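Survey of secondary and tertiary structure
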Amino acid sequence: GRVLAEILSALEEFAMSGFSPFREHWQQVDFLNGRKINLHVNNEAVTGTACGVDENGLLKLEIAKQGASSIQTFFAGHVELL
């Protein structure tokens, strides 16, 4: 019963405030952060280093191309660890 109460409380907070209140804790337990991954999105693979999530919960991926890097965000995809 307590687990369900916690889940319902978190869902209520998410509905009112979005992902932002959960972001700090997410960053602390984020298994992907700092790891090199392939992200499969729309039948295409994007390779980069996961660097946490933004204030909306989107995956931030550092992508290096031709000596420069940029950070892009992704809403969904299939992650493959490299």
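Our subject in this report is the structure included herewith. The numbering scheme is per chain: residues are counted from 1 as the chain's sequence reads. In keeping with the model being predicted, local features are shown solely for residues with a pLDDT of at least 70 and side-chain atom pairs are shown and tallied solely at 80 or more, while totals for entire chains, interfaces and linings include all residues. To get the side-chain values, take all heavy atoms of the structure and skip hydrogens and water.

1. What to know about the overall build of the chain
- Strands here mean DSSP runs of E at least two residues long; helices mean DSSP runs of H or I at least four residues long; both are numbered from the N terminus. Within the chain, the regular secondary structure consists of two helices and five strands.
- What you see in the chain, going N to C, is helices and strands ordered as α-α-β-β-β-β-β.
- Based on C-alpha atoms, the radius of gyration is set beside the globule rule, defined as 2.2 Å times the residue count to the power 0.38. In terms of overall size, the chain is more extended than a compact globule, its C-alpha atoms giving a radius of gyration of 15 Å where 82 residues would be expected to give roughly 12 Å.
- Principal axes of the C-alpha set define a box for the chain whose edges measure 50 × 20 × 20 Å.
- For each residue, the accessible area found with a 1.4 Å probe, counting protein chains only, is set against the maximum for its type, and the residue is called buried under 20%, exposed over 50%, and partly exposed in between. Here the chain, with 82 residues, has 21% of them falling under the buried criterion.
- Taking the intrachain contacts of the chain between residues at least 6 apart in sequence as the baseline, contacts between residues at least 24 apart amount to 37%.
- About 6200 Å² of surface is accessible on the chain, with carbon and sulfur atoms providing 53% of the total. Residues count as neighbours in contact if any of their non-hydrogen atoms are within 4.5 Å of one another. Using a 1.4 Å probe, accessible areas were evaluated by the Shrake-Rupley method; residue-level cover was limited to the displayed protein chains.

2. A few points about the sheet that holds strand E2 (residues 44-53)
- A pair of strands counts as paired when DSSP detects no fewer than two bridges linking them. If you trace the five strands from one edge of the open sheet to the other, you get E4-E3-E2-E1-E5, paired in antiparallel fashion. Lying at the two open borders of the sheet, with one neighbouring strand each, are strand E4 (68-74) and strand E5 (78-81). Looking at each pair of strands side by side, their axes are set apart by 40 degrees on average, direction ignored.
- As judged from the six bridges shared by strand E1 (residues 36-41) and E2, these two strands associate in the antiparallel manner. If you follow Lys-36 over to E2, its bridge partner there is Thr-49. Axes, fitted as lines to C-alpha atoms, cover a helix only where it is in contact. Angles between the N-to-C directions of the axes lie from 0 to 180 degrees.

Distances and angles like these do not, on their own, reveal function.
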